[in-house]
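# Understanding the architecture of this molecule
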Amino acid sequence: MQELACGALQKMRTELSDKVSYFLPVGEQEVAMNELIGKPIRLHYQGAINCTHCGRKTNKSFSQGYCYPCFKSLPQCDQCIVKPELCHFHEGSCRDESWGEQFCFQDHYVYLANSSGVKVGITRGTQIPTRWMDQGAVQALPIFKVATRLQSGKVERLLGEHVADKTNWRKMLKNEVESLDLTETRDLLFEKCQAGLIALENEFGLQAIQRLPEAEQIEINYPVLNYPQKVTSFNFDKTPDVSGVLQGIKGQYLILDTGVINMRKFTAYQVMISA
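Keep in mind it's a predicted model, so treat the numbers as computed, not measured.

The rules behind each value
- Residues numbered from 1 in each chain as written.
- Predicted model: local features only at pLDDT ≥ 70, side-chain atom pairs only at ≥ 80, totals over all residues.
- Heavy atoms only, no water.
- Helix = DSSP H or I, 4+ residues; strand = E, 2+ residues; numbered from the N terminus.
- Rg over C-alpha atoms; globule rule 2.2 N^0.38 Å.
- Buried < 20%, exposed > 50% of the residue type's maximum accessible area, 1.4 Å probe, protein only.
- Phe/Tyr/Trp six-rings, centres within 6.5 Å; stacked < 30°, edge-to-face > 60°.
- Lys NZ or Arg CZ within 6 Å of the ring centre and 35° of its normal.
- Salt bridge = Lys/Arg side-chain N within 4 Å of Asp/Glu carboxyl O.
- Arc of directions from axis to C-beta.
- Contact = heavy atoms within 4.5 Å.
- Core = buried A, V, L, I, M, F, W, Y, C linked by side-chain atoms within 4.5 Å.

### Concerning the overall build of the protein
Counting its secondary structure elements, the protein contains 8 helices and 14 strands. Computed over its C-alpha atoms, the radius of gyration of the protein comes to 20 Å, within 12% of the 19 Å expected for a compact globule of 275 residues. By its C-alpha atoms, the protein is 60 × 45 × 25 Å across when sized along the principal axes. The 275 residues of the protein split such that 48% are buried.

This is how it looks when you write it as structure tokens:
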């Protein structure tokens, strides 16, 4: 096999086309992964993890690529990133107010996606459609545009009383996904959550929480030759050498004939890739 790149992993970059195009950043290089589908590849973890923020060596990666001190101090690792309805900026306790002003006070979208069944989620406007491709969604539909991350979290929590907010990653990888009419689901949610939505609109204003009844559902196709019938996942901490024929890519997973591996999970791991 020929070495293609060596260095710290980052999550795969995606481009939306007829089928999603994937590019894997490894150190200073970027590997065009679609070109490797159908070919044998090898990923070798070299036993080192360097924090994506400060660069220090760490025995364990926290929050996908950070050392423990950064995990405990950086705003992008705070609990409100996972649960935006817990945003505490207004309490004056944000870990970094300038960061919060830049990332949390910008347009966010609440969306429906179909990765393993319908789910509700949120993302910054700049992350559409990247967020959906990272989740392995085959269909997606933005349904609200909101002014802040806190507001998006409150809308998501309200809708989450009626639809899931998690993806069944095994079903997603096995492609056990039925085609859905997300516009129909959206309209049903608007009806079921009408009282709660009106309350949020009254609290934050109609301009802050805007419904998107005219948005169109998009379809996403992934470069996969064969989906696994049984999902076996690799973990670099237990198996530093991962090899097999690359069958396809979906979400942030490489699908090999020997198992699957979530590349985003191993952000900051020092890895060599060969093919």
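That was the structure; now back to the text.
### Quick word on the packing of aromatic side chains
Applying the stated criterion across every chain yields a total of 13 aromatic pairs. The interplanar angle of 25° and the centroid separation of 4.6 Å between the aromatic rings of Trp99 and Phe103 together place this pair among those described as stacked. Here Phe103 and Trp99 lie together in helix α3 (residues 97–103), a separation of 4 residues that amounts to about one turn. The buried category is assigned to Trp99, whose relative accessible area is 17%. Grouped by ring-pair contacts, the aromatic residues Tyr45, Phe236, Phe266 and Tyr269 constitute a single cluster. We note Arg13 situated over the ring of Phe23; from NZ or CZ to the ring centre the distance is 4.3 Å. Note that Arg211 overlies the ring of Phe190, its terminal NZ or CZ placed 5.3 Å from the centroid.

### Focus: the pattern of salt bridges
Applying the stated criterion to the full structure yields 11 salt bridges. A salt bridge links Asp134 to Lys11, with the shortest nitrogen-to-oxygen separation between them at 2.7 Å. Placement of the pair is Asp134 in helix α4 (residues 130–134) and Lys11 in the loop between β1 (3–8) and β2 (13–15), with a sequence separation of 123 residues. Since its relative accessible area comes to 11%, Asp134 is described here as buried. One salt bridge in this structure joins Asp241 and Arg42, with 2.7 Å as the shortest N-O distance. Residue Asp241 is located in strand β11 (residues 241–250), and its partner Arg42 is located in strand β5 (residues 40–49); the two are separated by 199 residues in the primary sequence. What makes Asp241 partly exposed here is its relative accessible area of 36%. What emerges from the salt-bridge pattern is a single network uniting Lys11, Asp134 and Arg264.

### A word on helix α7 (residues 182–192)
What α7 keeps buried is the set Leu182, Thr185, Arg186, Leu189 and Phe190. All buried residues of α7 lie within an arc of 140° about the axis, which places them on one face of the element. Exposed residues on α7 whose side chains face more than 90 degrees from its buried face are Glu191 and Lys192. In this fold, the buried residues of α7 make contact with β6 (108–114), β7 (118–124), β8 (139–146), α5 (149–159), α8 (194–204) and β9 (209–211).

### Description of the nonpolar core
In terms of nonpolar packing, the biggest core is built from 46 residues, with Leu24, Met33, Leu43, Phe236, Leu254, Ile261 and Ile273 touching the most fellow members. Contacts of Leu43, omitting those with residues within four sequence positions, involve Phe236, Pro240, Asp241, Val242, Leu254, Ile261, Met263, Val271, Met272 and Ile273. In terms of nonpolar packing, the next biggest core, distinct from the first, is built from 20 residues, Val120, Val155, Phe190 and Cys193 among them.

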